[in-house]
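Analysis of the macromolecular model
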Amino acid sequence: MTTERKDLVSVGVLWAVLTALGEWAVLTTNLAPTLASKQGEETDKAIELLFIYSVPVMAVVLAVLIYTLVRWRVSEPSEDGPPIADHRGFSRAWFWISVALATLVFLHPGLTGIFAMAQEEEIDLIVELDGVQWHWDVAFPEQGVTMENPAELVLPVGTTIRFDITSSDVIHAFWVPAFRLKQDAIPGQMNSLTITLLENGDFADDDGFRLQCAELCGTGHARMFLPVRVVEQDEFDDWLANAGGPASMDGMDMTESTEIDMTEDEDMDMTEDTQMDMGEDGDMDMTEDTQMDMTEDSDEG
Amino acid sequence: MATTTDAPDDAPAIGSRGLPLAFRGALWAGIGFLAGALLTMAIRSLIGLSAMSLEPVVVVGYVFSLLAWFLGVGAWETWGKGWLGRPTVAYSPSGWRRYFGFNMDHKVIGIQYAVFFILLFLIAGLMAMFMRAELIETGRTIFGPASYNRVMSLHGIIMVLVAVTAVSGAFGNYIMPLQIGAKDMAFPRLNALSFWFWPPVAALLIGSQFVGGWDTGWTGYVPLAEVNRPGQLFYALAFITAGLSSIVAAVNFVTTAVKMRAPGLTWNRLPIFTWSILFTAILSLIFTQAIAVALSMTIFDRVAGGAFFDPVLGGIPVLYQHIFWFYSHPAVYVMVLPSLGAMLEILPPFTRKPLFGYKWAVGGIIGISVLSAVVWAHHMYTVNADSVSNIGFMFTTEAISVPTGLIFLAAVGTLWRGRLWLKTPMLFALAVIFNFLIGGVTGVFLSDVPADVQLQDTFWVVAHFHYTIVGAGIFGLFASIYYWFPKMTGRLLNERLGKIHFWIMFLGFNLTFLPMFWLGLNGMNRRVADYQPNLESVNRFVSLAGFFLGISFIFFVWNAIVSWRNGEPAGDNPWGARTLEWMTTSPPPELNFDGEPEVIGDPYGFGSEQPAHATVTGGNGGTA
Ligand SMILES: [Cu+2]
Ligand SMILES: [Cu+2]
């Protein structure tokens, strides 16, 4: 075997080892946090698949970098290297393989994922969300319940929910990490997002269950989040009833909007969190107490 | 128009004694501002509006002060007088003074850019240290959310401007004309003009902090940018001014690269760095006007009662994002192409091999440039539920990985069987390959719609773009500095300090930004002064790594100052490179070459019996 051939074989072996190690790491590590929605499964599948694709691609460049650094490092070049200005076959193969890979990534998980996520579902519940600097207003139009800056958002598990998302002032974004999907809340525009909830969950145990504003919207942006609790249907009905409106009474014409009365809510400690009052100078109002509450809440979980 | 060379030799030169012209420029700018402000107030009260309205006064005052600034800094004597038919005067002081006025020598301008942008980089880097200090634990740590947003916004815009400008401004100006054997840039006055736009940009960004700063980040999304503090207006004016500089510089780069190449320098002999500067300039020339449009519309809405983006009056907030990204996506290639070009330029002398797949690499640069025009809405997958246009933008974005792959092809092929000579410039060039690999691959996740709906606006994005823009762009800046500093100053940078700088920066960078991918996957959204408690330990690690990264630049600054004064003399060609900039003295004479350069061969013909790339004949030096 010529030395050139030996080098090619060696770097090939290095590539295979790096790829195997990388794929092993990808397949044995769970990178994704808790997932509670059906549509989010596509997201997680896409992310995992892209990691799987990435490993051999990165390994090509890394293998050459490592191999050349070990094999051909010199302290002072006494002579020039071989005058290899191109290699037709190798360059063409590189080009066409990258075309094939880009096409593959586009088709799957790209296109397949988009279509899977866009699948029509029967809507069980409509939730209207209105981003306001710096909280969320929530309404259940079918039940005639309106909540201004509620302390939490409770949703029924096993249902398909259509979120109608807009904003009253600047651009915000809907994001519940455990649901995966993200949708901007834009003033003058109504965006809908359909999510089927598969798992129960509570912000108190898992911070993936929070309706986090994900678009910079000013001083209160970081803490513009609404704790989310995904519960059984009857628990949800109770919550909605306690929130002021009759629960699960489809078809009833509820014109009178009902405001949630915070004082009757059990989760008193949360009220302070979500009702941050951002004055002229937002810093000042982030009191020590509010921060403390937060930490305690999550420590329980 | 009279030119400098028309001026008689005994014409009184300016700027040779007394205060540097930049001070006069500042004074004239102040007077100009007052004139514009008073005029606005007078007109406003005449038409029955309140005279004391900050934003209209600032806009008009600024336009006046910008013109006065240029005249004061030396454009009046060297350029303006010619418009009135009077003889212009030379600006040719010696020593440090030549950097503080309207100097038209591309070598002076290159150094002006280099020093100015390294200063901006250090300042904005310090801001990043404060941001990481705030994020070292949950809750309020040092300054809370309002100040955090201000510092984050300022950090963002300064770093974007540094990344867009530093490599092309410093080395495009200094090195590119040398590489093509030109005596100067095509339009020396425009060149000086393009640099002197920058002090007003800096002044606006500093000024913005006296009126409350602004909190939209560097992207300036509306409607937030139309309802917040007046600092937003300063941001818009600064960004537009920077854009004007880019356009002026781009005209110059394109013309120079196309028209001023030495005899024999055909397109297939053009050094790869010059290719990258040429296409960077073409991108700037085509797309920069879009940012001026988006920001002018914002200013119009804020100052003059416009409603381009106000939904209540029929405006469309999303329109801003389309125009903004129509510029700002190509801008990310303006940020990285020169660094990728520099990386490919550095590999041949430090592997002693020809650049592998030269034509593929040029094709890569052109392909990236063309495709960059049609990918902008990949930043906007979440603005509406219309998945049809998302499919198109997903396709074009993923197609960019093909020409980008060609850059890697050239890099990998050049390394193979090379003689790896690990001097500091080479270490930085190798780091560009490594970092850009991670930056590129993680970008594919963001191009994929199903993955992006989770990763968009999280720390995954922060990590990804820092890997491309710092990992490739800024590492490429330092690769260029270590590579070309000897040419520009005549002295080598200290190798030991250079290596300390490199290793701290490389490790610090990766330790800082790699964990951010995990943070993004685990629900940390970006642009936040506070986060959920379970992310605290990783954030603490990131902050400490970030401070470590920050330390590396102390070694760089120390090295640059010490070596510039007392460094080891470099000679004409310390790296044994073959391109034209190494065939003249370090630093080069006023007209760049002692003789007439003529290109006769390949710029990267290492290891073969090929003739030299070029000869320089006619002067005292002869063939190099
Ligand atoms: Cu927000
Ligand atoms: Cu982009």
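Cut-offs used in this document
Residues numbered from 1 in each chain as written. Chains lettered and ligands numbered in written order. Predicted model: local features only at pLDDT ≥ 70, side-chain atom pairs only at ≥ 80, totals over all residues. Heavy atoms only, no water. Domains from an automatic or database assignment. Contact = heavy atoms within 4.5 Å. Buried area = accessible area lost by both parts, 1.4 Å probe. Salt bridge = Lys/Arg side-chain N within 4 Å of Asp/Glu carboxyl O. Donors = N, O, S within 2.8 Å, 3.2 Å for Na, K, Ca; no water. Helix = DSSP H or I, 4+ residues; strand = E, 2+ residues; numbered from the N terminus. Pairing = 2+ DSSP bridges. Axes fitted to C-alpha atoms, helices over the stretch in contact; angles between N-to-C directions. Nonpolar A, V, L, I, M, F, W, Y, C, P; charged D, E, K, R; others polar. Buried < 20%, exposed > 50% of the residue type's maximum accessible area, 1.4 Å probe, protein only.

1. Things to note about the domain arrangement of chain B
Residue and element names in this part refer to chain B. Here the domain parsing of chain B yields domain 1 (1-92) and domain 2 (103-582). Placing a centre on the C-alpha atoms of domain 1 and another on those of domain 2 gives a separation of 31 Å. Facing 18 residues of domain 1, the contacting portion of domain 2 comprises 19 residues. Carbon and sulfur atoms make up 77% of the area that domain 1 and domain 2 hide from each other, which totals about 1700 Å². For domain 1, the biggest contributors to the area lost against domain 2 are Glu55, Tyr62 and Trp79; these three give 35% of the whole. Our count for the domain 1 to domain 2 interface comes out at one salt bridge. Between Arg302 and Glu55 there is a salt bridge whose closest N-O contact spans 2.7 Å.

2. Points about the coordination of the copper ion (ligand 2)
All names here are of chain B. Around the copper ion (ligand 2), the donor atoms from the protein are His329 (ND1), His378 (NE2) and His379 (NE2), and they sit 1.7 to 2.0 Å away. Mapping the donors of the copper ion (ligand 2) onto the primary sequence gives the spacing H-x48-H-H. Of the two residues, His329 is situated in helix α10 (residues 317-351) and His379 in the loop between α11 (358-371) and α12 (387-399); the sequence distance between them amounts to 50 residues.

3. With respect to the sheet that holds strand β4 (residues 145-147) of chain A
All names here are of chain A. One open sheet accounts for five strands, arranged β4-β3-β2-β6-β9; its pairing is mixed. Whereas interior strands pair on both sides, the edge strands pair on one side only; in this sheet they are β4 and β9 (191-196). The average angle at which neighbouring strand axes cross in this sheet is 20 degrees, direction not considered. One ladder, built from three bridges, connects strand β3 (residues 135-140) with β4; its direction is antiparallel. Each bridged residue has a counterpart across the sheet, and for Phe140 the counterpart in β4 is Val145.

4. Comments concerning the interface of chain B and chain A
Interface size is commonly expressed as the accessible area that is lost once the parts come together. Taken together, the contact between chain B and chain A spans 91 residues of the former and 94 residues of the latter. In terms of surface lost to chain A, no three residues of chain B exceed Trp416(B), Arg417(B) and Gln532(B), which account for 10% of the buried area on that side. Linking chain B with chain A are four salt bridges. The partner of Asp530(B) in a salt bridge is Arg223(A), with the nearest N and O atoms 2.8 Å apart. For the side of chain B that touches chain A, the class distribution of residues is 52 nonpolar, 25 polar and 14 charged. Note that strand β1 (residues 73-74) of chain A and strand β1 (residues 420-421) of chain B share two bridges and pair parallel.

5. Looking at the pairing of strand β2 (residues 125-132) of chain A
Residues and elements named next belong to chain A. For β2, the tally of buried residues reaches six of eight residues, placing the bulk of the element in the interior. Sheet analysis places β2 next to strand β6 (residues 160-167), joined by seven bridges and oriented parallel. Looking at the pairing, Leu125 lines up with Ile161 of β6. Alignment of β2 against β3, held across five bridges, turns out to be antiparallel. Residue pairing in the sheet places Leu129 in a bridge with Val138 of β3. With antiparallel pairing between neighbouring strands as the criterion, β2 and β3 make up a hairpin whose turn holds two residues.

6. What to know about the pattern of salt bridges
Enumeration over the complete set of coordinates arrives at 19 salt bridges over all chains. One salt bridge connects Arg417(B) with Glu4(A), and the closest N-O pair in it is separated by 3.7 Å. Here Arg417(B) is found in the loop between α13 (401-415) and β1, whereas its partner Glu4(A) is found in helix α1 (residues 3-28) on a different chain. Residue Glu4(A) is classed as partly exposed on the basis of its relative accessible area of 38%. Taking the shortest distance from any N to any O, the salt bridge between Arg419(B) and Glu79(A) comes out at 3.0 Å. Placement of Arg419(B) in the loop between α13 and β1 and of Glu79(A) in the loop between β1 and α3 (88-117) is noted, with the two residues assigned to different chains. Residues joined by salt bridges that share partners form a network here, namely Glu152(A), Arg229(A) and Glu235(A).

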